[in-house]
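One-letter residues, chain by chain:
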Amino acid sequence: MIGKGAAVSEVRFVGVEKSYGDQPAVRGVDLIVQPGEFVTLLGPSGCGKTTCLRMVAGFVAPSRGRIIMGGRDITALPPYRRNTGMVFQSYALFPHKTVAENIAFGLRVRRLARAEREQRIAEALRLVHLEQFASRYPAQLSGGQRQRVALARAIVIRPDVLLLDEPLAALDLKLREELQVEIKRVQSALKITTLFVTHDQGEALNMSDRVAVMHDGRIIQIDTPESLYERPNSRYVANFVGRTNLLDVVVREKLDGDLIRVESCGGSKASFVATAGPAFEAKPGERCLLGGRPEHFHFGGDGANAVRAKVRGVTYLGSIRYVDAEGPDGESVTVQAQPGEPLPGRGETVTVTWRPQACFLLKE
Amino acid sequence: MIRWLALRATLFLVFAFLLAPVCIVVIVSFNGGPILSFPPTSFTTQWYALIKPSFYSALYVSLIVATCTALLSVAFGLPAALALSRGRFFGRDALNAILLSPLVVPALVTGVALYQYSLSFWDLTHIALGGTLIGLIVGHLTFGVPFGIRAILAGHANFEPALEEAALNLGATPLQTFWRVTVPILRPSIVAGGIFAFVMSLDDVPIALFMGGGDATTLPVQIFTTVEFDFGGDVMAVAALIVGASAVLMLLLDRLIGLEQLFGARQ
Amino acid sequence: MSTTDLERLPRPDRPRRHADPWLWILLPTLAVFGLIFAAPLADLILLSFHHMAGPAQVDAAFTLANYRAFVTDPFYLEMLLRTCGLGMLVTLGCLVVGYPVAYFLARTPSRWRGFALFLVISPLLVSAIVRNIGWFPLLSQSGAVNWLLLKLGLIAAPLSLINNFTGVVIGLIHALLPFMILTLTTVIQRIEGDLEEAAANLGAGPLQAFWRVLLPLSLPGVVSGLLLVFAMAISAYTTPAILGGNRVLVMATYIAQQFRSVLNYPAGGTAAALLLLFAIVLTVLALQVRPAGERTP
């Protein structure tokens, strides 16, 4: 088994900054990736996530701060002394080497004995189900197969950390889902510390132990996929991860438990009850946002919160149907229709309801 | 880090090597002492005053020949390039290779072949090609036309046919379309091809050496034949003036077209 | 062109297929090509199959003697060898000097890249003849290089660096270096930088990465560039003539000598025909080894 003997290391960013000239790319990142943990850096292009990954690999030197791997400061080490296994977005397979030779590369430069090399290559090939492709050249492989070779090449050296730079971006949707499962399977089999970079929220939620949402060179929230989805801490995260209804409201009073009564900022002065998350603190009169996911919003019913809204249109995604409606204050309210539920027509006025426990409050 | 430092040092040496013979020409043209001795002993501008009139008339010949070569190269190159990229006839690729083949032939070989040919031509028709401006232009067209074709072919590779279709659709006749759409779009590559032919014509020695002579002596040939016999400060002064003119031309070209682009077409 | 013109054309085998009118547009250029290039070359090649009848005179009888001389006469063999040696020295010199520069140009994110490229290209725009005579104040007995070496105490007496084979090698390396650098830059640029990063990530140091990844991948392009530079080195005339001081006899200087002073046209024609053959063979080879997608002549 490849996992045997693999060093499983913690990776730590300490106050890491990077700027190009006077153009900041990363503005102070502190992050600890636990040994064996799968952490995803999620964000749009240009948010600094790839720069962070490349700083761990050693291709980019931080302007400030340190990178610690397995308790050792590696900030000044050249890439080839770091023992990180990277899967590139372009795969970067050596076109002049066969699959087996590609996988052998890291072992050869480490001067491993032939017998062990062969054995490890065979294991790696088996792990990614490419046994029969060992003597093919990269040009003779499909995109998904190349991806697997890149993964095998990265793990065969038993890296301290596996670095994945948008490894699925070049693949079509079906393959992408397949390989998500595949990467996750290999990662948990080897229990290898993994840092994954993507702009695809679905990928991030599906694969990670924790997700760090990055924006403008900073991590703005790091949490498990569930917490991130159910309790985003900002408008940015709420909008970036999944679809969200956001209403501008003013805090009115604290109720029992952690419930809070709020009032719409618009002319309707509609009153809602929402759950305050553990980190939410607000005094009456303060403005904040009430958020909720479309799947927790319903037509009709008797939820404690209700608005009358005019249907603007329907987004049909196969198994999922979103109804887009306009509330009394012009706010946009999206409802995920229940399976089999008849859809209201365009221009129809409907009552949308949701439970206090199914929505959250956040500061701008 | 050390790797980049070593690379920097190497780069510096290579650039020094590349620029040394050009820079030294300018320095020694002001040398009052023996012209080939370093370091210079005194400053003088006398060499510039001593430039013989034959160099000026040679410059005049060079400029006329280069201008005609550039214009004719484009005039023959444009239709050929269009035909080669748009035509669908048998043997197109072969014709393409044949028309570009003069670029592979050593200029000296072309030079002596043309020289020999002009002798036969004289025997047949009693029309002199050798030793005339026409002969020089003919000689330079052998590489000028292929340069023109190649530059325009390269430019045409990115041509969007829908633009011509749009013009026709909007009521332009084929001729109007050609002059108002096709030519303006291809203009950068046409200009690049012309400039290339111009520069190469100004640079050529082997062909002009065999096709020219007498009143039809180009500036490079005048310098070449002068230094074959004696090497004086006046030649250095001429060379320094050429360096100055080239520098101005280069900066202009870099501003107008971009040198990388110009030479990218050459590769 | 009118339809009546088209109807008068000979019918191709396949029915209802007219000759492409573009062919007519190509015709003037083809005619010029034939008149001013193909015919002279053919004339020259014909010339090489005749004897000299006297200075500037050609005998009418057909002969292969000129070519026979080239493969048997030690004089010609030595000249061929010298030409070949010159080509190899120059090509090797260009490779060694040019590779680091090309690597820098291909990979650097530096803002000086444009300027560096400008410096590489700029000698090409200064007349070759000027660059050639620039070597005299640098390389002559009392020139700048000898002055510097004497000052540094590296040599006791001035070296002969010009008007000989050494001078020609230096001059040709200088003349052809920009071509080599531009070719190599394109070759290295085409190799994704990711591959070098992948090699480093997998533990290969700079030398190993060069040896195992960069070199094998750039090899076809490098060989192609070498062949082209070699072809240009053996066909160059101006530089060997000027920097060799009429003392270095290679193919090119021999040809010019036969036509300019000896007036043995058939002998010069034969050497020219052979040089033409070498140039064509080398170029075809270079295009063959060149990686796909870069096959413009």
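About the cut-offs
- Residues numbered from 1 in each chain as written.
- Chains lettered and ligands numbered in written order.
- Predicted model: local features only at pLDDT ≥ 70, side-chain atom pairs only at ≥ 80, totals over all residues.
- Helix = DSSP H or I, 4+ residues; strand = E, 2+ residues; numbered from the N terminus.
- Contact = placed C-beta atoms within 7 Å.
- Pairing = 2+ DSSP bridges.
- Nonpolar A, V, L, I, M, F, W, Y, C, P; charged D, E, K, R; others polar.
- Expected span 1.5 Å × (residues − 1).
- Bend = angle between axes of the 7 residues up to and from the residue.
- Buried ≥ 20, exposed ≤ 12 C-beta atoms within 10 Å, placed from the backbone.
- Axes fitted to C-alpha atoms, helices over the stretch in contact; angles between N-to-C directions.
- Parallel < 35°, antiparallel > 145°, perpendicular 65-115°, else oblique.
- Left-handed = near helix turned anticlockwise from the far one by under 90°.

Novice: Give a description of the overall build of chain A that names residues and reports values.
Specialist: In terms of regular secondary structure, chain A is built from eight helices and 20 strands. Dimensions of chain A, computed from C-alpha atoms along their principal axes, come out at roughly 75 × 45 × 40 Å. Contacts in chain A between residues far apart in sequence, at least 24 positions, make up 68% of those at least 6 positions apart.

Novice: Could you give an account of the sheet that holds strand E18 (residues 332–336) of chain A, naming the residues involved and the relevant values?
Specialist: In sheet architecture, strand pairing relies on hydrogen bonds along the backbone and comes in two forms, parallel and antiparallel. All names here are of chain A. Read from one edge of the open sheet, five strands run E15-E19-E16-E17-E18, paired in antiparallel fashion. The sheet is open, and its two borders are formed by strand E15 (298–299) and E18, each paired with just one other strand. Sheet topology note: the E15/strand E19 (residues 349–354) ladder contains two bridges and is antiparallel. Within the sheet, the bridge partner assigned to His298 lies in E19 and is Thr353.

Novice: Kindly report on the sheet that holds strand E1 (residues 11–20) of chain A, identifying the contributing residues and their values.
Specialist: All names here are of chain A. In space, the four strands of this open sheet follow the order E2-E1-E4-E5, with antiparallel pairing throughout. Strands at the two margins of the open sheet, each flanked by one partner only, are strand E2 (23–33) and strand E5 (72–73). As judged from the eight bridges shared by E1 and E2, these two strands associate in the antiparallel manner. Bridge pairing in E2 links Arg12 to Ile32.

Novice: Could you give an account of the interface of chain A and chain C, naming the residues involved and the relevant values?
Specialist: On the chain C side, the residues contacting the 18 residues of chain A number 15 residues. Only strand E6 (84–87) and helix H2 (99–109) of chain A provide two or more residues apiece to the side of chain A that touches chain C. Taken together, the residues of the side of chain A that touches chain C sort by class into 12 nonpolar, four polar and two charged.

Novice: Before we move on, could you go through the interface of chain B and chain C and cite the residues and values that matter?
Specialist: Accessible area lost upon the coming together of the parts is a frequently used measure of interface size. With 74 residues of chain B in contact, the opposing surface of chain C contributes 72 residues. The dominant element in the side of chain B that touches chain C, judged by the number of residues it contributes, is helix H1 (residues 2–28) of chain B, at 15 residues. Its residues assigned to classes, the side of chain B that touches chain C comprises 60 nonpolar, eight polar and six charged.

Novice: Explain helix H6 (residues 133–156) of chain B to me, and be specific about the residues and the numbers.
Specialist: All names here are of chain B. Look at H6: 32 Å from first C-alpha to last across 24 residues, which is about the 34 Å you get at 1.5 Å a residue. The largest bend in H6 is about 40 degrees, located at Leu141. Of all the 24 residues making up H6, 21 are buried; the element is thus mostly covered by neighbouring parts of the structure.

Novice: Tell me about the packing of H2(A) against helix H3 (residues 114–127) of chain A, and please be specific about residues and values.
Specialist: Residues and elements named next belong to chain A. Packing of H2 against H3 leaves a shortest axis separation of 10 Å and a crossing angle of 125 degrees. As the angle between them shows, H2 and H3 are arranged oblique. As for how H2 packs across H3, the hand of that crossing is right-handed. Contacts between H2 and H3 involve Ala100, Ile103, Ala104 and Leu107 from the former and Arg117, Arg120, Ile121 and Ala124 from the latter. Residue composition of the contact of H2 with H3, grouped by class: six nonpolar, no polar and two charged.

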